[in-house]
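Observations on the three-dimensional arrangement
Take a look at the letters that make up each chain.
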2 protein chains.
Amino acid sequence: MIEYAYLNGQILPLEDTNINATDLSILRGYGVFDFFRAIDSRPVFMEDHLDRFENSAHLIGIKVPASREDLRQGILEIIRLNQQPLLGIRLVCTGGYSIDGYTPSENANLIMVSKPFVMQPFELGLRLMTVFHQRDMPKIKSINYIKPISLLSEMNKYGADDVLYHSSGIISESSRSNIFIIKNGILITPKNGILLGITRKYILSFANEIMPVEIRNITLHEVYEADEVFVTASTKRIKPVIQIDKNQFEIGPYSRKLYDKMLDAEKTLG
Amino acid sequence: MIEYAYLNGQILPLEDTNINATDLSILRGYGVFDFFRAIDSRPVFMEDHLDRFENSAHLIGIKVPASREDLRQGILEIIRLNQQPLLGIRLVCTGGYSIDGYTPSENANLIMVSKPFVMQPFELGLRLMTVFHQRDMPKIKSINYIKPISLLSEMNKYGADDVLYHSSGIISESSRSNIFIIKNGILITPKNGILLGITRKYILSFANEIMPVEIRNITLHEVYEADEVFVTASTKRIKPVIQIDKNQFEIGPYSRKLYDKMLDAEKTLG
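The structure displayed is predicted, hence computed values, not measured ones. (Residues numbered from 1 in each chain as written. Chains lettered and ligands numbered in written order. Predicted model: local features only at pLDDT ≥ 70, side-chain atom pairs only at ≥ 80, totals over all residues. Heavy atoms only, no water.)

Glancing now at the overall build of chain A. From N to C terminus, chain A includes eight helices and 16 strands. The C-alpha atoms of chain A give a radius of gyration of 19 Å, which matches the 18 Å a tight globule of 270 residues would have. In terms of principal-axis extent, the alpha carbons of chain A reach across some 55 × 40 × 30 Å. Within chain A, the proportion of its 270 residues that are buried is 57%. (Helix = DSSP H or I, 4+ residues; strand = E, 2+ residues; numbered from the N terminus. Rg over C-alpha atoms; globule rule 2.2 N^0.38 Å. Buried < 20%, exposed > 50% of the residue type's maximum accessible area, 1.4 Å probe, protein only.)

What follows is the structure, given as structure tokens:
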């Protein structure tokens with residue numbers, strides 16, 4: 001089966017979806033993206049992702065070369081052509097072909113690619129490795145993943161699945177997820193230095209029906225002492241964390257309750 | 001005249017030098033590069049640049065898909081085909097086509113592009129704007145320039161040509177240059193948190209014939225109080241700084257003396 005992709009308004013076979021070497025993503029890592037799932041051809045929380053995608057581009061100074069309606073049409077066409085029970089869809093908008101290899105072009109390049117997606121079961125807990133780091137411009141979903149990718153072999157060595165960033169003793173986020181901890185029945189999640197995750201947003205919209213919620217700085221020490229820890233992402237919904245460095249955690253009842261509620265939200269709101 | 005470029009061992013017209021949208025530079029900003037000049041078809045300090053290029057790739061976990069001799073041959077071919085009195089040559093090595101959109105491929109993509117280059121006169125001083133920032137992994141010449149590019153319109157507004165990064169009161173570097181200050185006849189340049197510039201290396205190799213040299217932390221306050229300030233880069237050699245924020249500087253005799261010496265080094269060593 002041929003995979004199809006989108007480039008600047010055109011639908012093409014993925015293997016022909018090529019970008020010239022003078023694009024600013026290749027020369028200067030300059031671009032933004034977003035990623036979401038389509039379940040049985042229904043995109044999940046698409047408008048939230050498009051809001052964030054357009055906002056990331058705006059904050060970094062890239063003009064998305066498509067209207068909201070063009071974006072929707074492109075996405076639906078990609079979903080239709082690449083039929084899958086579960087499809088991951090990635091939108092990327094780059095600085096375009098730069099004359100001087102530095103200044104963004106007036107004409108950004110807009111790409112959509114997709115891939116069959118496999119959702120890991122809730123029960124398969126995640127192991128994190130703490131890393132001293134604070135992402136620059138964390139609210140912008142930029143394509144810059146040099147830090148966590150360059151740490152992949154170290155993660156592998158320590159049996160970690162992902163990183164947990166901290167700075168000045170305060171945690172922020174994982175490389176592709178937000179983090180929540182539960183202590184004495186209270187749900188707590190970092191306030192600053194994070195990407196504003198869409199799953200995080202929905203959890204915060206309903207969690208206070210289940211338990212008290214605090215959005216504030218969290219120390220590394222508090223994380224180690226937590227009763228339950230989980231991360232959230234559009235690719236993971238809620239994913240229990242079973243280990244951070246040498247500290248182990250149980251998969252707890254609150255995490256499961258919030259997961260079930262998130263599943264409902266995805267069906268009714270997404 | 002057709003411009004030529006290099007892609008994975010092949011020479012192609014630049015307009016056909018395309019990378020598939022699944023490359024990790026486009027999806028994750030994952031790549032390293034280097035840049036140098038060729039004067040009358042003679043590459044300047046090429047071996048130094050190739051040392052750094054290979055080292056950047058190694059440190060980030062990318063295997064350059066070409067031997068040192070292959071790199072030299074590719075560069076010389078690009079210079080021959082794109083004949084110019086002054087040519088800027090850019091090597092880029094990316095994480096390649098990733099199966100999962102995250103993990104680097106075993107097969108990196110290696111690109112060489114070039115462009116006629118115009119050297120600004122020494123007398124045209126540079127204006128810098130201080131920015132609170134510390135580059136992550138500064139010794140690696142990665143393609144990540146999101147920070148300074150996203151600041152271009154602010155720089156424009158304040159009449160600045162580039163940024164000067166500082167953190168905890170200590171300066172490090174500009175976005176594409178190393179910095180030196182001169183105070184009471186002593187040449188001082190930052191020690192930590194910087195890219196190890198090749199022009200910087202050559203200046204440090206001969207400067208002590210002219211004046212005492214200190215390689216150490218420099219405070220922002222010291223910079224403001226300096227007698228002379230200049231930046232160095234392969235694209236600039238030595239470039240006097242005439243303004244930092246609201247502080248103005250004269251183009252001084254030491255900067256010129258070092259520039260003349262650098263010009264000699266380029267002719268005899270490069």
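Having seen it, we continue.
Turning our attention to the nonpolar core. Grouped together as the largest cluster of nonpolar side chains are 93 residues, with contacts concentrated most on L71, I75 and L91 of chain A together with L71, I75 and L91 of chain B. Leave out the neighbours within four places in its chain, and L71 of chain A touches L50, F53, E54, V64, A66, L91, L110 and M112 of chain A. (Core = buried A, V, L, I, M, F, W, Y, C linked by side-chain atoms within 4.5 Å. Contact = heavy atoms within 4.5 Å.)

The next thing to look at is helix 3 (residues 68–81) of chain B. All names here are of chain B. Compared with the 20 Å implied by 1.5 Å per residue over 14 residues, the 20 Å span of helix 3 between its first and last C-alpha is a close match. Within the sequence span of helix 3, burial applies to R68, L71, G74, I75, I78 and I79. Looking down the long axis of helix 3, one finds its buried residues gathered within 135° of arc, a one-sided arrangement. (Expected span 1.5 Å × (residues − 1). Arc of directions from axis to C-beta.)

Glancing now at the packing of aromatic side chains. Applying the stated rule across the entire model yields twelve aromatic pairs over all chains. Taking 6.2 Å as the distance between ring centres and 75° as the angle between the ring planes, the aromatic pair formed by Y102 of chain A and Y145 of chain B counts as edge-to-face. One end of the pair, Y102 of chain A, is in the loop between strand 6 (86–94) and strand 7 (109–116); the other, Y145 of chain B, is in the loop between strand 8 (126–132) and helix 4 (146–150), on a second chain. The same class applies to Y102 of chain A as to Y145 of chain B, namely buried. Taking 5.1 Å as the distance between ring centres and 15° as the angle between the ring planes, the aromatic pair formed by F180 of chain B and F230 of chain B counts as stacked. You can see F180 of chain B sitting in strand 11 (residues 178–183) and its partner F230 of chain B sitting in strand 14 (residues 228–233), a full 50 residues away along the chain. On the basis of relative accessible area, F230 of chain B is assigned to the buried category, the value being 0%. The rings of F33 and Y145 of chain A together with Y102 of chain B are connected pair by pair, giving a single aromatic cluster. The residue whose ring lies beneath R28 of chain A is Y145 of chain B, and the NZ or CZ to ring-centre distance is 4.5 Å. (Phe/Tyr/Trp six-rings, centres within 6.5 Å; stacked < 30°, edge-to-face > 60°. Lys NZ or Arg CZ within 6 Å of the ring centre and 35° of its normal.)

As a further point, take the interface of chain A and chain B. Each side of the interface is counted separately: chain A has 43 residues, and chain B has 43 residues. Here chain A packs against chain B, burying approximately 3,800 Å² in sum over the two surfaces, 61% of which is carbon and sulfur. Considering only the surface of chain A that becomes buried against chain B, R28, Y102 and I146 of chain A emerge as the three largest contributors, covering 20% of it. Run the count over chain A and chain B and you get two salt bridges. Across the pair K147 of chain B and D136 of chain A runs a salt bridge, and its minimum N-O distance is 3.4 Å. Elements that contribute at least two residues to the side of chain A that touches chain B include exactly strand 3 (18–20), helix 1 (24–28), strand 4 (31–39), strand 6, strand 7 and helix 4 (146–150) of chain A. Per element, the largest residue contribution to the side of chain A that touches chain B is five residues, and it comes from helix 4 of chain A. As paired strands, strand 3 of chain A and strand 3 (residues 18–20) of chain B are joined by three bridges and run antiparallel to one another. Each bridged residue has a counterpart across the sheet, and for N18 of chain A the counterpart in strand 3 of chain B is N20 of chain B. (Buried area = accessible area lost by both parts, 1.4 Å probe. Salt bridge = Lys/Arg side-chain N within 4 Å of Asp/Glu carboxyl O. Pairing = 2+ DSSP bridges.)

With 15 residues, helix 2 (residues 46–60) of chain A should cover 21 Å at 1.5 Å per step; its first-to-last C-alpha distance of 21 Å lies within 8% of that length. Buried within helix 2 of chain A we find M46, D48, H49, L50, R52, F53, S56, A57 and I60 of chain A.

It is worth spelling out the relation of the copies chain A and chain B at this point. Its rotation angle being 180°, the transformation that places chain A on chain B also includes 0.0 Å of axial translation and leaves an RMSD of 0.0 Å. The symmetry that links the two subunits is that of a two-fold axis. Closest approach to the rotation axis within chain A is made by the C-alpha atom of G29 of chain A, at a distance of 2.1 Å. Looking at chain A, 100% of its interface residues are interface residues in chain B too, so the copies touch through the same face. (Least-squares fit on C-alpha atoms with pLDDT ≥ 70 in both.)

Its identity as a non-glycine residue notwithstanding, D40 of chain A has a phi of 45°, on the positive side. Taking the relative accessible area as the measure of exposure, D40 of chain A reaches 60% and is therefore exposed. Phi at D245 of chain B is positive, roughly 55°, even though this residue is not glycine. As for its position among the elements, D245 of chain B is in the loop between strand 15 (237–244) and strand 16 (247–248). By relative accessible area, D245 of chain B is classed as partly exposed at 27%.

A word on the layout of surface pockets. By volume, the second largest pocket amounts to about 320 Å³. Contributing to the lining of the second largest pocket are 16 residues, with I60, G61, I62, P104 and S105 of chain A lying nearest its centre. With three residues, the top contributor of residues to the lining of the second largest pocket is helix 5 (residues 152–158) of chain B. For the lining of the second largest pocket, the class distribution of residues is seven nonpolar, six polar and three charged. (1 Å grid on protein atoms, 1.4 Å probe; cavity = no way out; pocket = protein on both sides within 12 Å on 5 of 7 lines; lining within 4 Å. Points joined across faces, edges and corners; volume = space filled by probe spheres on them. Nonpolar A, V, L, I, M, F, W, Y, C, P; charged D, E, K, R; others polar.)

Residues and elements named next belong to chain B. Strand order in this open sheet of six strands is 2-1-7-6-4-5, and the pairing throughout is antiparallel. At either margin of the open sheet sits one strand with a lone partner, and together these are strand 2 (10–13) and strand 5 (42–43). Where strand 6 (residues 86–94) meets strand 7 (residues 109–116), eight bridges bridge the pair, whose relative direction is antiparallel. Within strand 7, the position partnered with T94 by the bridge is N109.

Moving on, we come to the pairing of strand 12 (residues 186–189) of chain A. Residue and element names in this part refer to chain A. Here three bridges tie strand 11 (residues 178–183) to strand 12, and the two strands are oriented antiparallel to one another. When the bridges of strand 12 are listed, I182 appears paired with L187. As consecutive antiparallel partners, strand 11 and strand 12 are separated by two residues, and within that stretch N184 has a phi angle of approximately 50°, a positive value. As defined by bridge partners, strand 12 adjoins strand 13 (residues 213–215) across three bridges and the pair is classed as parallel. Within strand 13, the residue paired with T189 across the bridge is I215. In this fold, strand 12 hands off to helix 6 (residues 198–206), which returns the chain to strand 13; that crossover is right-handed. (Right-handed = clockwise from strand over helix to strand, strands pointing away.)

All names here are of chain A. Across the sheet, six strands lie side by side as 2-1-7-6-4-5; this open sheet has antiparallel pairing. Edge positions in the sheet fall to strand 2 (10–13) and strand 5 (42–43), since each has one partner strand and no second. In this structure, strand 1 (residues 4–7) lies alongside strand 7, joined through two bridges in antiparallel fashion. Among the inter-strand pairings, L7 is bridged to a residue of strand 7, identified as I111.

Bringing the environment of P253 of chain A into the picture now. Position of P253 of chain A among the secondary structure elements: in helix 8 (residues 253–269). Expressed as a C-alpha distance, the spacing of P253 of chain A and E228 of chain A, which sit 25 residues apart in the sequence, is 8.6 Å.

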